[in-house]
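# Examining the three-dimensional arrangement
Here is what each chain is made of, one letter per residue.
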Amino acid sequence: MITEEDISRLIPAFYERVRADPQLGPIFNAAVDDWPHHLERLKAFWSSVILSTGRYKGQPMVVHLRHEQAMTAQNFTRWLNMWRETTSDILSADAAAIFQEKANVIAESLQLGVQFHRARIA
């Protein structure tokens, strides 16, 4: 039901919206030096998550902890809302629901990891 082509359409469209967003744009634009490279990594990540391709070779928690101060509940909520909107705009309802559920689980995991990190260094 979901293809690499779907991921290749979704990721650039979503991050174009993120980069233009007044709340998230400054965070992401400051964190990412090479957008073409970053988008390819994100495509590989979602390919691995959704299609089980194993293309992504990285540590998302480590990467996100580098920007721990921006990892607020408000920013996660904004990111998830934009993700829901974009997936619904670009994908079929069934495909969008799969991406949305996975994003919810990933966001919860990242938030828990950030909370643990904060507690550990406090």
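It should be noted that the structure appears before, not after, this text.
This report concerns the structure included in the present document. (Residues numbered from 1 in each chain as written. Predicted model: local features only at pLDDT ≥ 70, side-chain atom pairs only at ≥ 80, totals over all residues. Heavy atoms only, no water.)

### Digging into the packing of aromatic side chains
- Evaluation of the coordinates by the stated rule reveals eleven aromatic pairs.
- Summarising the aromatic geometry, the rings of Tyr15 and Phe28 are spaced 5.8 Å apart at their centres and angled 55° between planes, so their arrangement reads as tilted. You can see Tyr15 sitting in helix H1 (residues 4-20) and its partner Phe28 sitting in helix H2 (residues 25-31), a full 13 residues away along the chain. The same class applies to Tyr15 as to Phe28, namely buried.
- Pairing Phe45 with Tyr56 gives two aromatic rings, centres 5.2 Å apart and planes at 90°, and the pair type is edge-to-face. Within this pair, whereas Phe45 is found in helix H3 (residues 35-51), its partner Tyr56 is found in the loop between H3 and helix H4 (60-65), the two being separated by eleven residues in sequence. (Phe/Tyr/Trp six-rings, centres within 6.5 Å; stacked < 30°, edge-to-face > 60°. Helix = DSSP H or I, 4+ residues; strand = E, 2+ residues; numbered from the N terminus. Buried < 20%, exposed > 50% of the residue type's maximum accessible area, 1.4 Å probe, protein only.)

### Description of the pattern of salt bridges
- By the definition in use, this model includes five salt bridges.
- Salt-bridge contacts for Arg55 lead to Glu4; the nearest nitrogen and oxygen are separated by 2.7 Å. Here Glu4 lies in helix H1 and Arg55 lies in the loop between H3 and H4, a separation of 51 residues in the sequence.
- Judged by relative accessible area, Arg55 falls into the partly exposed class, the value being 39%.
- In this structure Glu4 comes out as partly exposed when scored by relative accessible area, which is 28%.
- Asp6 is the salt-bridge partner of Arg9, the closest N and O atoms lying 2.7 Å from each other. With Arg9 and Asp6 both in helix H1, this residue pair falls three residues apart, about one helical turn.
- Residue classification places Asp6 among the buried residues on the basis of a relative accessible area of 12%. (Salt bridge = Lys/Arg side-chain N within 4 Å of Asp/Glu carboxyl O.)

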